[in-house]
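Residues per chain, in single letters:
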Amino acid sequence: MANKAINLTSFTPTFPSSFDKLKKSNFRVSTIPQVKAVQSPAESDTGRWARQRRPQNVDGDFFVDHTCIDCDTCRWMAPQVFTRVGEMSAVYKQPTCEEDRLQALQALLSCPTNSIRTEVPPPDILEAQKTFPIPIDEKKLPGVYHCGYHSPKSYGASSYLIVHSDGNLLIDSPKFTERLARKIEEMGGVRYMFLTHKDDVADHGKWAKRFSCDRILHSADVEACTADVETKLDGSGPWWLGQDMMLIHTPGHTEGSVCLFYKPLKILFTGDHLMMTESGLDIIEMYNRYSVGTQVDSVKKLLDLDFNWIIPGHGRRIQFKDVSEKKAVLEAFVEEKYAQYSLDKNKWY
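Since we're looking at a predicted model, the values are computed, not measured.

Asker: Could you give an account of the layout of surface pockets, naming the residues involved and the relevant values?
Answerer: Roughly 420 Å³ of internal volume is contained in the largest pocket. Lining the largest pocket are 13 residues, with Trp76, Met77, Gln103, Ile136 and Arg317 positioned closest to its centre. Those elements that place two or more of their residues in the lining of the largest pocket are helix H1 (73–77), helix H2 (98–110) and strand S6 (134–137). The biggest single contributor to the lining of the largest pocket is H2, with four residues. Broken down by class, the residue content of the lining of the largest pocket amounts to seven nonpolar, three polar and three charged.

Asker: How would you sum up the pairing of strand S4 (residues 88–91)? Please name residues and give values.
Answerer: Because side chains alternate across S4, one face comprises the buried residues Met88 and Ala90, and the other comprises Ser89 and Val91, equally buried. As judged from the four bridges shared by strand S3 (residues 82–85) and S4, these two strands associate in the antiparallel manner. In the strand pairing of S4, Arg84 is matched with Ser89. Hairpin connection of S3 to S4: two residues between the antiparallel strands, including Gly86 at a positive phi of 65°.

Asker: Tell me about unusual backbone geometry, and please be specific about residues and values.
Answerer: Here the amide bond leading from Phe132 into Pro133 is cis, since omega sits at -5°, within 30 degrees of zero. Assignment of secondary structure puts Pro133 in the loop between helix H3 (125–129) and S6. Along the chain, Gly237 connects to Pro238 via a cis peptide bond; the corresponding omega equals -5°. On the secondary structure map, Pro238 appears in the loop between strand S12 (231–233) and strand S13 (239–241).

Asker: Kindly report on the pairing of strand S16 (residues 267–271), identifying the contributing residues and their values.
Answerer: In the case of a regular strand, side chains alternate between the two sheet surfaces. Buried residues dominate S16, accounting for five of its five residues. Burial along S16 is two-sided: the residues Ile267, Phe269 and Gly271 and Leu268 and Thr270 are all buried. Across three bridges, the pairing between strand S15 (residues 258–262) and S16 is antiparallel. Note that in S16 the partner of Leu260 across the bridge is Phe269.

Asker: Can you explain the sheet that holds strand S10 (residues 192–194)? Please cite residues and give values.
Answerer: If you walk across this open sheet you meet the seven strands as S6-S7-S8-S9-S10-S11-S12, and the pairing is mixed. Edge positions in the sheet fall to S6 and S12, since each of these pairs with one other strand and no more. Along the sheet, successive strands turn relative to each other by an average axial angle of 30°, direction set aside. When strand S8 (residues 160–162) meets strand S9 (residues 169–171), the two strands line up antiparallel, connected through three bridges. From the neighbouring strand, Ile162 faces S9, where its bridge partner is Leu169. Most of the contacts of helix H5 (residues 204–211) go to strand S11 (residues 214–218), to which it runs at about 145°, and overall it touches S9, S10 and S11.

Asker: So, the side chain of Thr250: which residues are in play, and what are the values?
Answerer: Structurally, Thr250 is set in the loop between strand S14 (245–249) and S15. Residue class for Thr250 comes out buried when judged on its relative accessible area of 0%. Once residues lying within four places of it in the same chain are set aside, the contact partners of Thr250 are Ser257, Val258, Cys259, His273, Ser298 and Leu302.

Asker: Provide a residue-level description of H5, including the pertinent values.
Answerer: Burial in H5 covers these residues: His204, Trp207, Ala208 and Phe211. Buried residues of H5, viewed axially, fall in a sector of 100°; they line one side. The inward-facing, buried residues of H5 contact S9, helix H4 (178–186), S10 and S11. The positive-phi residue at the C-terminal boundary of H5 is Ser212, with phi of around 50°.

Asker: I'd like a rundown of the nonpolar core, residues and numbers included.
Answerer: Among the nonpolar cores identified, the biggest contains 64 residues, and Phe82, Ile116, Leu169, Leu260, Tyr262, Ile267 and Phe269 are the most heavily contacted of them. Element by element, the count of residues in this core is highest for H2, at five residues. Setting aside its immediate chain neighbours within four residues, Phe269 contacts Val144, Tyr160, Ile162, Ile171, Cys259, Leu260, Tyr262 and Ile311. Membership of the second largest hydrophobic core comes to 25 residues, among which are Trp240, Ile248, Phe307 and Leu330.

How each quantity is defined
Residues numbered from 1 in each chain as written. Predicted model: local features only at pLDDT ≥ 70, side-chain atom pairs only at ≥ 80, totals over all residues. Heavy atoms only, no water. 1 Å grid on protein atoms, 1.4 Å probe; cavity = no way out; pocket = protein on both sides within 12 Å on 5 of 7 lines; lining within 4 Å. Points joined across faces, edges and corners; volume = space filled by probe spheres on them. Helix = DSSP H or I, 4+ residues; strand = E, 2+ residues; numbered from the N terminus. Nonpolar A, V, L, I, M, F, W, Y, C, P; charged D, E, K, R; others polar. Buried < 20%, exposed > 50% of the residue type's maximum accessible area, 1.4 Å probe, protein only. Pairing = 2+ DSSP bridges. Axes fitted to C-alpha atoms, helices over the stretch in contact; angles between N-to-C directions. Contact = heavy atoms within 4.5 Å. Arc of directions from axis to C-beta. Core = buried A, V, L, I, M, F, W, Y, C linked by side-chain atoms within 4.5 Å.

As structure tokens, then:
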């Protein structure tokens with residue numbers, strides 16, 4: 001696998017940021033369970049109760065304990081096993097086949113708080129560990145992998161790996177484990193680590209040291225723990241990594257939030273900028289750290305981009321039928337949010 005440098009360039013942004021009224025769209029987005037992680041009171045409880053089986057679990061080997069932070073990871077990784085009950089995850093059906101069991105073990109290994117447990121030590125846990133990074137869709141999205149091993153430092157956010165002929169790219173940081181690092185090394189290592197924003201940097205320093213990779217983060221999101229990041233993006237971009245990857249400044253959730261558009265496969269990696277909740281597409285205002293209105297403006301930037309996949313840091317991946325469907329969904333979402341803004345401007349900025 002080649003590991004040569006990719007040129008990082010910038011050019012004048014051409015995206016609008018006004019509150020121009022958009023045409024009404026009736027397109028609806030399917031419902032998805034809530035995603036963003038919050039700290040549970042049980043998380044700080046080191047007593048035996050916190051690690052006991054929640055009564056909401058069905059009988060059987062797998063269960064979720066009281067330290068769950070409702071990050072949704074297990075529910076989208078193994079939806080046939082886990083569901084949401086009482087603002088936490090729980091097992092509603094024990095695995096009944098090898099595929100279900102493997103996905104349950106993958107969710108167990110990815111849980112940021114180690115809240116998924118088994119009554120009996122799983123003899124096949126090592127085989128499950130070997131499956132990471134997990135291909136998202138080998139036919140539709142070749143070379144794109146979910147790293148698993150979500151970190152509590154990133155509130156349970158997902159990290160992804162793109163295998164590329166010009167050097168592999170790690171998107172946000174998983175929990176550092178040498179076992180995962182060895183697997184990624186076998187796949188060509190890491191040339192760049194792109195950090196979408198300051199919330200999901202987790203063990204970025206350990207990964208950078210392990211692979212001597214260049215980290216990329218917008219300067220507006222640089223803090224003490226990321227002061228040594230090799231590449232700090234300035235201004236409003238966009239920027240390019242080679243010919244395939246476009247970095248789009250999407251401030252709002254944080255001042256320095258940036259999305260990555262992977263042109264060959266028409267994927268937009270959104271970090272915490274845009275995601276799915278039980279009510280549809282959302283920006284999760286309650287976790288906004290900069291400006292809700294600016295975040296909606298940044299969603300509008302995405303209308304004319306040629307993508308039909310959204311892969312967020314939190315929550316479910318979204319595959320649209322085509323680009324026109326994507327545009328209709330985003331237009332309807334932006335119009336709805338602008339309508340809310342017109343009613344209560346002080347809420348947004």
